[in-house]
Amino acid sequence: MNAWTHPDLPAFAVVGRVNMGKSAVLATLLEIDDNELIRVSPTPGETTRCQTHRVVFNGKECIRFIDTPGFSQPVEAMHEIQRMHGDGTPDLDAIRAFVKSTHHTFEDERRLLEPLVEGAGVLYVVDPAKPLRDDFLAEMEILRWTGRPRLALLNRRGDATGPDEELWKTRLGGAFNLTRSFDAHQARFEERIRLLKALLEIEETHRPALENTIRLIHDEWRIRREEAAETLIGFLEEALLLRVTANLTEKDLSLESRRSRNEEALSQRYFGKLASMEQECASKLLRIYRHHLLKVDADPGVYQGIDLASGETWRKWGLGRTQLAAAAAIAGGAAGLAVDVATGGITHGAGTAFGALTGGVAAWWKGGSLPDLRMDLRGGIQLGSGETRAMVIGPPRNPNFPWILLDAMLVRYRQMLDRAHGRRDAQRLDGQGTGYTRHFPAERRTLFAKWFGSCLKGKPNRTLEPDVFHAITECLEEISD
Ligand SMILES: Nc1nc2c(ncn2[C@@H]2O[C@H](COP(=O)(O)OP(=O)(O)OP(=O)(O)O)[C@@H](O)[C@H]2O)c(=O)[nH]1
Ligand SMILES: [Mg+2]
């Protein structure tokens, strides 16, 4: 019975010299960032036994890959196979005899060749920046003798090219059915699909199974994008509806020093909650895309930069002033947001004059510490023995705010898609970078302006939601390219 392969399933063994990035290639291809499942490490000889990784859809295995220990003595192993075989070119039977022999000296080679003897195809990983020495040629020769379908993968580290690059290509071209590049630290979805399609080209026997697998991977990717879009909509709605409340006595409110302390504390709470919502949304995206090592940075302090006077903020995030005004105008003066844009949003002075209730917090904003939050004082709440009033603080009045929230998430989404699962270093998604909403077509801008406006007013427009969902999905697809 075969230990590594099954006649109905395409199987590929990832082979090559120790430390060439075999495990990293597999980890990126299969989106496994867990070192317990695939050990990727700068220490050579980390993978000491073959290990199967199954790709399963709906409980059914579609394709399997086998991570293998690296070649450690290829030249000696090649000579041994030739010696055992005698005259002529060794074939699969000769390799089988070598695998079954009881040499202690060639343990790695015997282990890594076992899946090939059982029928697995070959994914041979090399770093073309390395000098092409005899031991690499010996590896290629042994793999050629197996007669199995063979794909050579150039896993270049960074931009480094070596003096033997062309020679590598020539020699690989002679010993393999196909040569492709795949950067285990950079490859994204499209490159992963391209690699699978290359396997399709070399493995005739399992063509339908491979085609089906590629279809399933595409379908699953689309489902993920839809889940991500739903997550984003949920987050935006929750964030725009967010209000924090404190019950204050008349004294708390009338004494200027107490009042501003309370306002400040409440604003801090508001931004703290907002940051945890961002954190939660980004964490959900990470789960959808199977990232465990990536972490999220959500800093309540970033919104301190939401200042209408700062051209930098306008340019970096969200829509420009004219775009915003246009979006709002087309949205049909959807009260709240549109009014802000028409009257208060453009200049700081007009903004504070417009919102009578925001007067108290405007002071910090001028001082650059916190943006101008919506504030409301509701009377008549009884708390304990004394009369209290509820101080409610809501989203920043800056009409750019919803766009900035969306942009920060879209930037994180892109940062996440750019992260290859084969990497093992720490990285944080900070959402800092040039946003995308500025480039939205006018129609999409108007749609979002309407929907944001409804959320900011506390009444999310449900009838717009299908269109918003569609628009976000479309936008995530654009970002993925
Ligand atoms: N920069 C960069 N580093 C890489 C790339 N692929 C692998 N590495 C690094 O190279 C080292 C070895 O990678 P592994 O995937 O463990 O190599 P391996 O061939 O499985 O090694 P063994 O199992 O020990 O034979 C790790 O530190 C990887 O992070 C790459 O595409 N770019
Ligand atoms: Mg390994």
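With 126 residues, the main nonpolar core has Phe-65 and Tyr-124 as its most contacted residues. For this core, the element with the highest residue contribution is helix α8 (residues 207-241), accounting for twelve residues. When residues of this core are assigned to domains, at least three map to each of domain 1 (11-205) and domain 2 (224-480).

Next up on the list: the site of ligand 1. Inspection of the region around ligand 1 gives 23 residues, with Lys-22, Ala-24, Gly-45, Glu-46 and Thr-47 positioned closest. One nitrogen or oxygen atom from the main chain of Pro-42 is found 3.2 Å from an oxygen atom belonging to ligand 1. Within the contact set of ligand 1, an oxygen atom lies 3.0 Å away from a side-chain nitrogen or oxygen of Asp-183. Considered on its own, ligand 1 offers 640 Å² of accessible surface; in the complex 89% of this is hidden by protein.

Each strand in a sheet pairs with another by means of backbone hydrogen bonds, the pair being arranged parallel or else antiparallel. On the basis of which strands lie adjacent, the open sheet formed by six strands has the order β2-β3-β1-β4-β5-β6 and mixed pairing. Both outer strands of the open sheet, β2 (51-57) and β6 (178-181), are each paired with one neighbouring strand and no more. Ignoring strand direction, the axes of neighbouring strands in this sheet form an average angle of 25°. Taken together, the five bridges between strand β1 (residues 11-16) and strand β4 (residues 121-126) define a ladder with parallel strand orientation. When the bridges of β4 are listed, Ala-13 appears paired with Val-122. Relative to β4, helix α5 (residues 134-146) is tilted by about 170°, and along the sheet it contacts β1, β4 and β5 (150-154).

With that settled, consider the packing of helix α3 (residues 92-100) against helix α4 (residues 107-117). Between α3 and α4, the shortest axis-to-axis distance is 9 Å and the interhelical angle comes to 135°. When the axis of α3 is compared with that of α4, the two are oblique. By crossing handedness, the relation of α3 to α4 is classed as left-handed. Of the residues in α4, those touching α3 at Leu-92, Ile-95, Arg-96, Phe-98 and Val-99 are Glu-109, Arg-110, Leu-113, Glu-114, Leu-116 and Val-117. Tallied by class, the residues present in the contact of α3 with α4 amount to seven nonpolar, no polar and four charged.

Before going further, it helps to spend a moment on the pairing of β2. As paired elements, β2 and strand β3 (residues 60-67) share seven bridges and run antiparallel to each other. Each bridged residue has a counterpart across the sheet, and for Gln-51 the counterpart in β3 is Asp-67. Hairpin connection from β2 to β3: two residues lie between these consecutive antiparallel strands, with Asn-58 at a positive phi of about 50°.

Working definition: an aromatic ring pair is given by the centre-to-centre distance plus the angle between the planes. For the coordinates displayed, the defined rule picks out 13 aromatic pairs. For the ring pair Tyr-270 and Phe-271, a centre distance of 5.1 Å and an interplane angle of 85° mean the geometry is edge-to-face. With a centroid separation of 5.6 Å and 85° between ring planes, the pair formed by Tyr-289 and Tyr-413 is classed as edge-to-face. One end of the pair, Tyr-289, is in the loop between α10 (256-288) and β8 (294-296); the other, Tyr-413, is in helix α16 (residues 401-418), with 124 residues separating them in the sequence. Neither residue differs from the other here; Tyr-289 and Tyr-413 are each classed as buried. Taken together, Trp-403, Phe-440, Phe-448, Trp-451 and Phe-452 form an aromatic cluster joined through their ring pairs. Seen from the ring of Phe-136, Arg-17 lies directly overhead, with NZ or CZ sitting 4.6 Å from the centre. Taking NZ or CZ as reference, Arg-444 lies 4.8 Å from the ring centre of Phe-440, over its face.

Quick notes on the rules
Counting restarts for each chain, with residues numbered from 1 along the sequence as it is written. Ligands are numbered from 1 and chains lettered from A, in the order in which they are written. In view of the model being predicted, local features appear only for residues whose pLDDT reaches at least 70, and side-chain atom pairs are presented and counted only at 80 or more, with totals across whole chains, interfaces and linings using the full set of residues. Side-chain measures were taken over the full set of non-hydrogen atoms in the model, leaving aside hydrogen atoms and water. In these notes, a set of buried Ala, Val, Leu, Ile, Met, Phe, Trp, Tyr and Cys residues joined through side-chain atoms within 4.5 Å is what counts as a nonpolar core. For each residue, the accessible area found with a 1.4 Å probe, counting protein chains only, is set against the maximum for its type, and the residue is called buried under 20%, exposed over 50%, and partly exposed in between. Strands are runs of DSSP state E lasting at least 2 residues, helices are runs of H or I lasting at least 4, and numbering of each runs from the N terminus. The split into domains, and so the bounds of each, comes from an automatic or database assignment of domains. Near, as used in this document, describes a residue that has one of its heavy atoms within 4 Å of the molecule or strand being considered. Between N or O atoms, a polar contact is any pair within 3.5 Å; within protein, one atom must be a potential hydrogen donor and the other a potential acceptor, and residues adjacent in sequence are included only when both atoms are from side chains. In short, Shrake-Rupley with a 1.4 Å probe defines the accessible areas, and a residue's cover is counted only from the protein chains shown. What makes two strands pair is DSSP finding at least two bridges between them. Axes here refer to lines fitted to C-alpha atoms; in helices the fit is confined to the stretch in contact. Angles between the N-to-C directions go from 0 to 180 degrees. Note on definitions: a residue-residue contact is assigned when non-hydrogen atoms from the two residues lie within 4.5 Å. By definition in this entry, angles of less than 35 degrees are roughly parallel, angles greater than 145 are roughly antiparallel, angles of 65 to 115 are roughly perpendicular, and the rest are oblique. Here a crossing is taken to be left-handed if its near helix is turned anticlockwise relative to the far helix by less than a right angle, and right-handed if that turn runs clockwise. Gly falls in the polar group here, along with every residue not listed as nonpolar (Ala, Val, Leu, Ile, Met, Phe, Trp, Tyr, Cys, Pro) or charged (Asp, Glu, Lys, Arg). Put simply, two rings from Phe, Tyr or Trp (the six-membered ring, in Trp's case) pair if the centres are within 6.5 Å, and we call them stacked under 30 degrees between planes, edge-to-face over 60, tilted for the rest. Comment: the charge-over-ring label is applied if NZ (Lys) or CZ (Arg) is within 6 Å of the ring centre and within 35 degrees of the ring normal.

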